[in-house]
Amino acid sequence: MTTAAIAPSLLAATVQDLRRHAPFSEMEAAHLEWMAGRLQLAYYPAGAVVLEPDAGMPEWFYVVKQGSVEAGGAAEDSVIKLLAGECFPLGALLAGRPVANQFRAAEDSFCYLLAAADFHALLEQSAVFRDFCTRRIASLLEQSQKAVQSEYALRQDEDSRLERSLASILSRAPVSVPRGTPLSLALQAMHDERVGSVAITDEADRPLGILTLKDVLSRVTLPGLPLETPIEKVMTAEPIALPAGATAREALLIMARHGIHHLLLVADGRLAGVISEKNLFAIKRMSVQGVTNAIANAADTEALKRAGRDIAALAHSLLAQGMQAETLTELIATLNDHLTRRLIELETAACALPAVRWCWMALGSEGRMEQTLATDQDNALIFTTANEADLESVREQLITMARRINEGLDACGFPLCKGFIMASNPKWCLSAEEWRSQFSRWIDAGGPEELLNASIFFDFRPLYGAEALAAELRAWLATKIQGNPRFLKQMTQNALRNVPPLGLVRDFVLSEDEMHPHTLDLKLNGSMPFVDAARIFALASGQSATGTAQRLKQSGQALRIPGEEVDSWVQAFHFIQLLRLRHQHGRERKGLAPDNHLNPDMLSVLDRRILKEAFRQARKLQARLALDYER
Amino acid sequence: MIWPFSRPRIALPQAAASRLAALKAAPRPKPQTPLSELRWVVVDVETGGLNPHIDALLSIGAVEVRDGRLKLGHSFEAGLLQSAVTSHENILVHGLTHSQQLSGRAAREALLDFAEFAAGGPFVAFHAGFDRTALQVSMQRELGWNLPGHWLDAAVIAPLLFPRLAGECRSLDDWMHALAIQNFSRHSAAADAAATAQLWLILLDAAAAQRIGTLKALENLASARKWLVT
């Protein structure tokens, strides 16, 4: 009698079939083959019960081969849908307890079955499998992160970036001195301007030579030359110069060939700039520090526009290097803050300001520090007047200033707000007292429009000026809200209307909108349930944080929600934000305007599953919200 | 029906003879056995051509279906090493070359292995007449023995259980498509047997739903369509 075995061609085919999905895609061939040889295949017509709580300890580990299996109790609306490649019941098998939910075939389905004893043996054998089973969501997130890295690593071809013209890299005007300048003055200029080299030019601004800090050591300090020496005695004469239109690649090649670190740029024979090796490295790996400095040193809106573009380029590059959504969005927000502050500095220096305390506030996603690559501006002003009579004239002056700032921001890549939620709108340039009465009206009325406003304005965050004004408003708001449970309930009901797009029939409910057919709105259906719930939790528990993740963490503690639950929400939120960033990045690369309409069919199987899990987390979060505030 | 009724005696080596004796003595499933208790052997064979009486049997693939499950760990496949010209006249009349003996033994071993795996069936195949004939011709030639057992034809039973699909489905591919069965890439006899077995799982489920409970009942259903069963 032949012993039981699997036919070689079936073994190969089964392993290949399993490999299409995590964690099997990551497992060693020997472990997969061991598993395949022990598998059985079962058929479940639509509606058939696969597994139920009454069946006792689960005897089998299931992998959906084709079709789909639904799991869920009758009580909740928490039906989850398992598609091809998904495994169950992990929790019950690991914990050695009956399943909590009934599992039934949602359509005609085939499942692979592995006996529970074999499942446990496989856990022992395969670290990959064990890791997957015990840390399902976490491990999924990690893998997705890895996928992001490799995907972008491919595109992160330095080639295209090195084709940038040198003129586009220049961040500042060149530091130059005329022939005959004593060394002391030239060195002072380098020190003051914080540059590593100085160009020497003739009367027509034509470059004659260059002197770098390194040269100073060997040509001035060590020989002990007096600092009165005219600079042309020690400079490198007939320096290498490139036209401003030359590319970064050419500059790098010339530097490498001649062993130099600085190059002069000329336009029409005149000195147009100095390129240092550092500038070139910056584009190879654009640094946060570099962009920050560029913003701090920006002398005008033109320089800030460049910085705005750099922020976007940096965000793409960091996304490519595998930075987490959490860090990345915060970083984008921080740089955007720097840019906005610098712009306000420049603009306020240029106009007459009333002698009052005022503060520029960021609202909406900017207030939450959760901007993506497609963000328009949302801002407002708060001020105080010593004298009631001055109110309108002060407002007028501030609005004049705000208009310049709004337009400047527009020029730097933050489009004007379509809903005119901007500081230059007289409705949103208010005194502290006016803000309080405005907020009070919204809280007391609680209609749809008021709730919408609250969702934007209650995420305010001071950005520039007298920050205490915003802090006082925040403290006042916390007290006001806590005395108004009715408003919290209205906000909750409003938030709960936005149901995560998990389908009963298909895995996702897609838009029927003609403009964006067959898509999910990652902002409306994805991030918003988390953002809304976090806002309500934070307002209810008097937390001052405006960021969604921070709000969830802070209020989680205040409201005694288990830490793991909060962590899952935060992770799910960050994953959706990451998908948004990736989607927008992808569209920009194709020359399309970034948006939030994602076709889930374009996602990898893995991302699709995580996204589903993230939506499930949104549903759990909403259930918690309903429990606490809907009564 | 062309059938080698005259059964030439074949001198088998001792080991093969005792295996064959054990196979002849093995019990066979009773017609009253409930469908759910049967161990089905779902088979697919590949031959050198379209005539199972003449064309060489090249490979056999089979999987076990039991308790409503396709047991991947209980599957079988074997390639048969034999030259196309080999027939029992050649074997009896002429002496065999060394390589022919080798391949002949390989085919015999493979057929014995399969018969032992099958353990009396019942057998299921799609267009079962073809697979059955091809196997029996080879068995007869190599072992001087007819593989006994019940044979059920999925190609006959499927349209009886799914009459609404009967008009549009002819081939196994048609049924796979109509019932939305996704299978591994099918390029071996074993993979085809697995595909047929998946169809069989669905047919068993449909039979249960239509209160067809025993092997006999299923055979009766099939023979009502003037199909011959052993």
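Only a predicted model underlies this, so the values are computations on that prediction, with no experimental measurement involved.

Student: Please give an account of the overall build of chain A that cites residues and values.
Tutor: When helices and strands are tallied, chain A shows 25 helices and 21 strands. When the 631 residues of chain A are sorted by exposure, 40% land in the buried category. Once local pairs closer than 6 in sequence are excluded, the contacts in chain A between residues at least 24 apart make up 71%.

Student: Tell me about the overall build of chain B, and please be specific about residues and values.
Tutor: For chain B, the helix and strand inventory stands at nine helices and five strands. Listing each helix as α and each strand as β along chain B from the N terminus yields α-β-β-β-α-α-β-α-β-α-α-α-α-α. Counted over contacts in chain B with a minimum sequence separation of 6, partners at least 24 positions apart contribute 68%.

Student: So, the pairing of strand E2 (residues 57-66) of chain B: which residues are in play, and what are the values?
Tutor: Residues and elements named next belong to chain B. Of all 10 residues in E2, seven are buried; the element is thus mostly enclosed. Inspection of the sheet shows strand E1 (residues 39-47) paired to E2 by nine bridges, in the antiparallel sense. Residue pairing across strands places Thr 47 opposite Leu 57, the latter belonging to E2. Taken together, the eight bridges between E2 and strand E3 (residues 69-79) define a ladder with antiparallel strand orientation. Looking across to E3, one finds that Glu 64 is bridged to Lys 71. Linkage of E2 to E3, two consecutive antiparallel strands, is achieved through a turn of two residues, within which Asp 67 is found at a positive phi near 55°.

Student: Hey, could you go over the interface of chain A and chain B for me, with residue numbers and the actual values?
Tutor: With 26 residues of chain A at the interface, the matching set in chain B holds 26 residues. Sorting the residues of the side of chain A that touches chain B by element identifies helix H1 (8-18), strand E1 (40-44) and strand E8 (109-115) of chain A as the ones contributing at least two each. Here the side of chain A that touches chain B takes seven residues from H1(A), the largest share from any one element. Of the residues that constitute the side of chain A that touches chain B, the class distribution is 16 nonpolar, seven polar and three charged. In this sheet, E3(B) lies alongside E1(A) in antiparallel orientation, the contact comprising three bridges. Bridge assignment links A:Gln40 to a residue of E3(B), and that residue is B:Lys71.

Student: I'd like a description of the pairing of E1(A), backed by residues and values.
Tutor: Residues and elements named next belong to chain A. Of all five residues in E1, four are buried, a share of seventy percent or more. Sheet topology places E1 next to E8; five bridges connect them, and they run antiparallel. When the bridges of E8 are listed, Ala 42 appears paired with Cys 111.

Student: Can you explain the sheet that holds strand E17 (residues 379-384) of chain A? Please cite residues and give values.
Tutor: Residue and element names in this part refer to chain A. Read across the sheet, four strands follow the order E18-E17-E16-E19 without closing on themselves; strand pairing throughout is mixed. Since the sheet does not close on itself, it has two edges, and those belong to strand E18 (429-431) and strand E19 (461-465), each with one partner. Taking each pair of neighbouring strands and ignoring which way they run, the sheet shows an average axis angle of 30°. Summarising the sheet, strand E16 (residues 357-362) and E19 pair through four bridges and their orientation is antiparallel. Across the sheet, Cys 359 pairs through a bridge with Gly 465, a residue of E19. Set on the sheet, helix H15 (residues 325-350) makes contact with E16 and E19; between it and E19 the angle comes to about 35°. The strands touched by helix H18 (residues 432-445) are E17 and E18; relative to E18, the strand with the most contacts, the crossing angle is about 100°.

Student: Outline the sheet that holds strand E14 (residues 262-267) of chain A, supporting the account with residue identities and numerical values.
Tutor: All names here are of chain A. Spatially, three strands are ordered E13-E14-E15 in an open sheet, and the strand pairing comes out mixed. Edge positions in the sheet fall to strand E13 (241-243) and strand E15 (270-276), since each has one partner strand and no second. When strand polarity is set aside, the average angle formed by the axes of neighbouring strands in this sheet is 35°. Bridge count for E14 against E15 is six bridges, and the pairing is antiparallel. Counterpart to Leu 263 in the pairing with E15 is Ile 275.

Student: For the packing of H15(A) against helix H24 (residues 563-589) of chain A, give the residues involved together with the corresponding values.
Tutor: Residues and elements named next belong to chain A. At their nearest, the axes of H15 and H24 sit 9 Å apart, and the two run at 60° to each other. Overall, the two elements H15 and H24 adopt an arrangement that is oblique. The hand of the H15/H24 crossing is left-handed. Contact with H15, carried on its side by Ala 325, Glu 326, Leu 328 and Thr 329, involves His 574, Gln 577, Leu 578 and Leu 581 of H24 and no other residues of that element. Taken together, the residues of the contact of H15 with H24 sort by class into four nonpolar, three polar and one charged.

Student: Explain the confidence of the model for chain A residue by residue, including any values.
Tutor: Residues and elements named next belong to chain A. Per-residue confidence for chain A averages 84 on the pLDDT scale, and 89% of its residues sit at or above 70. Across residues 74-78, where pLDDT falls below 50, the model places two contacts with residues more than four positions away in sequence or in other chains. Across residues 143-160 the pLDDT falls below 50, and counting only partners more than four positions away or on other chains, this stretch makes 18 contacts in the model.

Student: Lay out the nonpolar core in plain terms, naming residues and giving numbers.
Tutor: Counting 106 residues, the largest nonpolar core has B:Val42, B:Val43, B:Ala62, B:Phe114, B:Ala154, B:Trp200 and B:Leu203 as the members making the most contacts within it. Among residues more than four places away in sequence, those in contact with B:Leu203 are B:Ala154, B:Ile157, B:Ala158 and B:Leu161. Core analysis: the second largest hydrophobic core is formed by 97 residues, A:Ile332, A:Trp435, A:Leu522 and A:Ile610 among them.

Student: How would you sum up helix H4 (residues 128-143) of chain B? Please name residues and give values.
Tutor: Between the first and last C-alpha of H4(B) there are 21 Å, a value that for 16 residues agrees with the 22 Å anticipated at 1.5 Å per step. Here H4(B) has its buried residues at B:Ala128, B:Asp131, B:Arg132, B:Ala134, B:Leu135, B:Val137, B:Ser138, B:Met139, B:Arg141, B:Glu142 and B:Leu143.

Student: Account for the confidence of the model for chain B, naming residues and giving values.
Tutor: Low-confidence regions, as indicated by low pLDDT, have predicted coordinates that should not be scrutinised in detail. Residue and element names in this part refer to chain B. Summarising the model, chain B shows a mean pLDDT of 80, and 81% of its residues fall at 70 or more. Per-element confidence in chain B is highest for strand E4 (residues 123-125), whose mean pLDDT is 94, and lowest for helix H2 (residues 88-93), whose mean pLDDT is 42. Taken together, the stretch residues 83-105 has pLDDT below 50 and engages in 18 contacts with residues farther than four places along the chain or on a different chain. Note on the complex model: pTM 0.48, ipTM 0.83.

What counts and how
- Residues numbered from 1 in each chain as written.
- Chains lettered and ligands numbered in written order.
- Predicted model: local features only at pLDDT ≥ 70, side-chain atom pairs only at ≥ 80, totals over all residues.
- Helix = DSSP H or I, 4+ residues; strand = E, 2+ residues; numbered from the N terminus.
- Buried ≥ 20, exposed ≤ 12 C-beta atoms within 10 Å, placed from the backbone.
- Contact = placed C-beta atoms within 7 Å.
- Pairing = 2+ DSSP bridges.
- Nonpolar A, V, L, I, M, F, W, Y, C, P; charged D, E, K, R; others polar.
- Axes fitted to C-alpha atoms, helices over the stretch in contact; angles between N-to-C directions.
- Parallel < 35°, antiparallel > 145°, perpendicular 65-115°, else oblique.
- Left-handed = near helix turned anticlockwise from the far one by under 90°.
- pLDDT = per-residue confidence, 0-100.
- Core = buried A, V, L, I, M, F, W, Y, C linked by C-beta atoms within 7 Å.
- Expected span 1.5 Å × (residues − 1).

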